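One letter stands for each residue in the lines below.
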Number of protein chains: 2
Amino acid sequence: MVHTSSDQEAMLDTVTNPIPLTRDRSATERRIFEAARSLLAEAGFQGFGVNAIARRAGCDKQLIYRYYGGMDGLIDAIGEDLSSWVEAHVPDDPGGRFILTYGDLIERLLELYMRALREDHLMRRVIAWEISESTPQVRRVAEARARGLSAWIEKMRGSLTPPKGVDAIATNAALMGAAQQIVLSAIMNGFACGIPVKTEKDWAKLEAAVCRLAHNAYI
Amino acid sequence: MVHTSSDQEAMLDTVTNPIPLTRDRSATERRIFEAARSLLAEAGFQGFGVNAIARRAGCDKQLIYRYYGGMDGLIDAIGEDLSSWVEAHVPDDPGGRFILTYGDLIERLLELYMRALREDHLMRRVIAWEISESTPQVRRVAEARARGLSAWIEKMRGSLTPPKGVDAIATNAALMGAAQQIVLSAIMNGFACGIPVKTEKDWAKLEAAVCRLAHNAYI
DNA sequence: TAATTGCCTCACCGTCTGGTGACAATTGTT
DNA sequence: AACAATTGTCACCAGACGGTGAGGCAATTA
């Protein structure tokens, strides 16, 4: 391997900017933050470390320690930023569809959630991280994400209530889990629990199946 | 850290067996294989490498290259072994329960699958691996696992057929995905999609929710 | 102009990793 | 007994990692 993308970025920074990149602390902090986010999104939590981030940000790794107190602080910053992911990435209009019942709502939310998850590399990596490691950092990130998610559902719920006799909390967790697992494994290696997911038609089938589960769960 | 478990194992091998461990190739191969399995189960695919495995097996890493052709061959061996995991770990009797419909069957299979997954560290690690990396090795492992899974479902199905108008393939994938995601994230950090899963009662609620999804999906 | 402050880079440390070539020790065969 | 083949160990390599102390450079203040 001769040219990694980080090499190219570093070259770009130093070649097109012979002026040594105006000394601006907050700008450098942002560069580090964005480098970390994009690296995590592209490469996953394996190989997610100080050296790689500094390379990509085009600065010295020392700055990561100085500005964020090391990887821990940086991860926390990313996690905190992710707590508002749902509101930022999922549209909150019903999309020209009638939402009359609690089931309609969950059905619609699942559809939107799957779509958003398909587009967002970073979020998928974070979810994969959560079920692969159990360090305090990743637990904090998971907690922030969960906070955002349930606040979002609560906001969207409005005055709608689930039918009696249904454990809505557990049911929604199961449905969300289904959506996550399908999207993650389908995108990572083209299969979801043994069935191939390549074409848009395959995706539509799975989306429909998940929505149908929600629909039937809430009568 | 003074004593890792691998150190203890190595000591055990050399202390209790002052005779230098009879030169037996097939036994050594098995030791390596078991060391790899247990390491993967305990520590996950991070830190799953030649050095750690050799340490745990109490032999030189060179033997991994000689006998398995390196990590690739070893991983393939583990994957092949995993293709028969379901039959080996999930009881195939209905458990004193009446299985009359296709829905009954899937409901029961999901329950068994969740229970088995809760007990099996290795399988959970492999599933987490599958959605975290996309190397040829892990793809082969995933493929072997999927093969075993669908063959198992097919075997259990017998003459039962899903009701008309239901995409059983996609629905089952969604249900299996829900089960997997819930078990993995609950065990890894005590939360499943934002809700805490600590007590056996929490588990029962989620199990019930998943089974209920299956029940309602197949009318 | 001189000194202080803040921003940043450099060089280095110890440790671990995957990988390989050379060698020792045991076994089986002639 | 002498040999060859198998089995296992050891030492070493280059490269990456996280982490840190010292010092260079630029802007502000004295």
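None of these values were measured; they are calculated from a predicted model.

So, the overall build of chain A
Logical step 1: Counting its secondary structure elements, chain A contains 11 helices and 2 strands.
Logical step 2: The N-to-C order of helical and strand elements in chain A reads α-α-α-α-α-α-α-α-α-α-β-β-α.
Logical step 3: In chain A, which comprises 219 residues, the proportion classed as buried is 52%.
Logical step 4: Within chain A, contacts between residues separated by at least 24 positions form 67% of all contacts whose residues are at least 6 apart in sequence.
Logical step 5: Accessible area of chain A: about 10,600 Å², with a carbon and sulfur share of 56%.

Structural notes on the interface of chain B and chain A
Logical step 1: Counting from both sides, the interface comprises 44 residues of chain B and, opposite them, 44 residues of chain A.
Logical step 2: At the boundary of chain B with chain A, total buried surface from both sides reaches about 3,600 Å², with 66% on carbon and sulfur atoms.
Logical step 3: Our count for the chain B to chain A interface comes out at 0 salt bridges.
Logical step 4: On inspection of chain B and its partner chain A, the count reaches 14 residue pairs in polar contact (both at pLDDT 80 or more).
Logical step 5: Sorting the residues of the side of chain B that touches chain A by element identifies helix H8 (121-130), helix H9 (136-157), helix H10 (168-189) and helix H11 (200-217) of chain B as the ones contributing at least two each.
Logical step 6: In terms of residues, the side of chain B that touches chain A owes the most to one element, H10 of chain B, which gives 16 residues.

Brief notes about the side chain of Ser132 of chain A
Logical step 1: Note that Ser132 of chain A resides in the loop between helix H8 (121-130) and helix H9 (136-157).
Logical step 2: At 2.8 Å, the side chain of Ser132 of chain A forms a polar contact with the backbone oxygen of Ala128 of chain A.

Looking at the protein's contact with DNA strand D
Logical step 1: By nearness alone, 19 residues border DNA strand D, and Lys61 of chain A together with Arg23, Thr28, Arg66 and Tyr67 of chain B come closest of all.
Logical step 2: Sugar plus phosphate: this is where 46% of the atoms of DNA strand D within 4 Å of the protein reside.
Logical step 3: One of the side-chain N or O atoms of Tyr67 of chain B is found 2.6 Å from a phosphate oxygen in DNA strand D.
Logical step 4: When contributions to the surface near DNA strand D are tallied by element, the ones reaching two or more residues are helix H3 (50-57) and helix H4 (62-68) of chain A together with helix H2 (25-43) and helix H4 (62-68) of chain B.
Logical step 5: Among the elements that make up the surface near DNA strand D, the one with the highest residue count is H4 of chain B (4 residues).
Logical step 6: Tallied by class, the residues present in the surface near DNA strand D amount to 5 nonpolar, 5 polar and 9 charged.

Topic: helix H5 (residues 71-82) of chain A
Logical step 1: For H5 of chain A, which comprises 12 residues, the first-to-last C-alpha distance of 16 Å matches the rise-based estimate of 16 Å (1.5 Å per residue) to within 8%.
Logical step 2: Each element contacted by the buried residues of H5 of chain A is listed here: helix H2 (25-43), H3, H4, helix H6 (85-89), H8 and H9 of chain A.

What to know about the pattern of salt bridges
Residues and elements named next belong to chain B.
Logical step 1: Taken as a whole and judged by the stated rule, the model has 26 salt bridges over all chains.
Logical step 2: One salt bridge in this structure joins Arg140 and Asp76, with 2.9 Å as the shortest N-O distance. One end of the pair, Arg140, is in helix H9; the other, Asp76, is in helix H5 (residues 71-82), and 64 residues separate them in sequence.
Logical step 3: Here Asp76 falls in the partly exposed class, since its relative accessible area comes to 26%.
Logical step 4: The shortest N-O distance in the salt bridge between Glu207 and Arg115 comes to 2.9 Å.

A word on the nonpolar core
Logical step 1: If you look at the biggest cluster of nonpolar residues, it comprises 148 residues, and the most contacted ones within it are Phe48 and Ile53 of chain A together with Phe48 and Ile53 of chain B.
Logical step 2: In contact with Ile53 of chain A, other than residues within four places in its own chain, are Ile32, Ala35, Ala36, Leu39, Phe48, Ile64, Met71 and Leu74 of chain A.

Remarks on the protein's contact with DNA strand C
Logical step 1: The environment of DNA strand C is made up of 18 residues, and the closest members are Arg23, Thr28, Arg66 and Tyr67 of chain A together with Lys61 of chain B.
Logical step 2: Sugar plus phosphate: this is where 47% of the atoms of DNA strand C within 4 Å of the protein reside.
Logical step 3: Asn51 of chain B is positioned such that a nitrogen or oxygen atom in its side chain is 2.8 Å from a phosphate oxygen of DNA strand C.
Logical step 4: At a separation of 2.8 Å, a phosphate oxygen of DNA strand C approaches a polar side-chain atom of Tyr65 of chain B.
Logical step 5: Every element with two or more residues in the surface near DNA strand C is listed here: H2 and H4 of chain A together with helix H3 (50-57) and H4 of chain B.
Logical step 6: In terms of residue count, the dominant contributor to the surface near DNA strand C is H4 of chain A (4 residues).
Logical step 7: The residue inventory of the surface near DNA strand C, partitioned by class, reads 5 nonpolar, 5 polar and 8 charged.

Comments concerning the relation of the copies chain B and chain A
Between the two copies of this chain, the relationship is a rotation about some axis together with a displacement along it.
Logical step 1: Overlaying chain B on chain A yields an RMSD of 0.0 Å, the required transformation being a rotation through 180° with an accompanying axial translation of 0.0 Å. Given the turn and translation reported, the copies of this chain are related as if by a two-fold rotation axis. For chain B, the residue whose C-alpha comes nearest the rotation axis is Ala178 of chain B, separated from it by 1.9 Å.
Logical step 2: A shared binding surface is used by both copies, with 100% of the interface residues of chain B retained as interface residues in chain A.

Here we look at unusual backbone geometry
Trans peptide bonds make up the majority, and among non-glycine residues the majority have a negative phi.
All names here are of chain B.
Logical step 1: Here the phi dihedral of Cys193 falls at roughly 55°; this positive angle occurs in a residue that is not glycine.
Logical step 2: As for its position among the elements, Cys193 is in the loop between strand S1 (191-192) and strand S2 (195-196).
Logical step 3: In this structure, Ile219 takes a positive phi of about 45° despite not being glycine.

Describing the confidence of the model for chain A
Interpretation of this model should avoid reading the predicted coordinates in detail wherever pLDDT is low.
Logical step 1: With 90% of its residues at a pLDDT of 70 or more, chain A has an overall mean of 89.
Logical step 2: Counting interchain partners and residues more than four positions distant, the pLDDT-below-50 stretch residues 1-20 of chain A has 12 contacts.

Examining the packing of aromatic side chains
Logical step 1: Enumeration according to the criterion identifies 9 aromatic pairs over all chains in this entry.
Logical step 2: For the ring pair Trp85 of chain A and Tyr113 of chain A, a centre distance of 6.3 Å and an interplane angle of 85° mean the geometry is edge-to-face. Taken together, the positions of Trp85 of chain A in helix H6 and Tyr113 of chain A in helix H7 (residues 102-119) put the pair 28 residues apart, joining distant regions of the chain. Like Trp85 of chain A, the residue Tyr113 of chain A is buried in the burial classification.
Logical step 3: Each member of the aromatic cluster is reached from another via a ring pair, and the members are Phe45, Phe48 and Trp129 of chain A together with Phe45, Phe48 and Trp129 of chain B.
Logical step 4: Between the NZ or CZ atom of Arg118 of chain A and the centre of the ring of Trp203 of chain A, over which it lies, the distance is 4.0 Å.

Rules of the game
Residues numbered from 1 in each chain as written. Chains lettered and ligands numbered in written order. Predicted model: local features only at pLDDT ≥ 70, side-chain atom pairs only at ≥ 80, totals over all residues. Heavy atoms only, no water. Helix = DSSP H or I, 4+ residues; strand = E, 2+ residues; numbered from the N terminus. Buried < 20%, exposed > 50% of the residue type's maximum accessible area, 1.4 Å probe, protein only. Contact = heavy atoms within 4.5 Å. Areas by Shrake-Rupley, 256 points an atom, 1.4 Å probe, with all protein chains shown as cover. Buried area = accessible area lost by both parts, 1.4 Å probe. Salt bridge = Lys/Arg side-chain N within 4 Å of Asp/Glu carboxyl O. Polar contact = N/O pair within 3.5 Å; in protein donor to acceptor, adjacent residues only side chain to side chain. Near = heavy atom within 4 Å. Nonpolar A, V, L, I, M, F, W, Y, C, P; charged D, E, K, R; others polar. Expected span 1.5 Å × (residues − 1). Core = buried A, V, L, I, M, F, W, Y, C linked by side-chain atoms within 4.5 Å. Least-squares fit on C-alpha atoms with pLDDT ≥ 70 in both. pLDDT = per-residue confidence, 0-100. Phe/Tyr/Trp six-rings, centres within 6.5 Å; stacked < 30°, edge-to-face > 60°. Lys NZ or Arg CZ within 6 Å of the ring centre and 35° of its normal.

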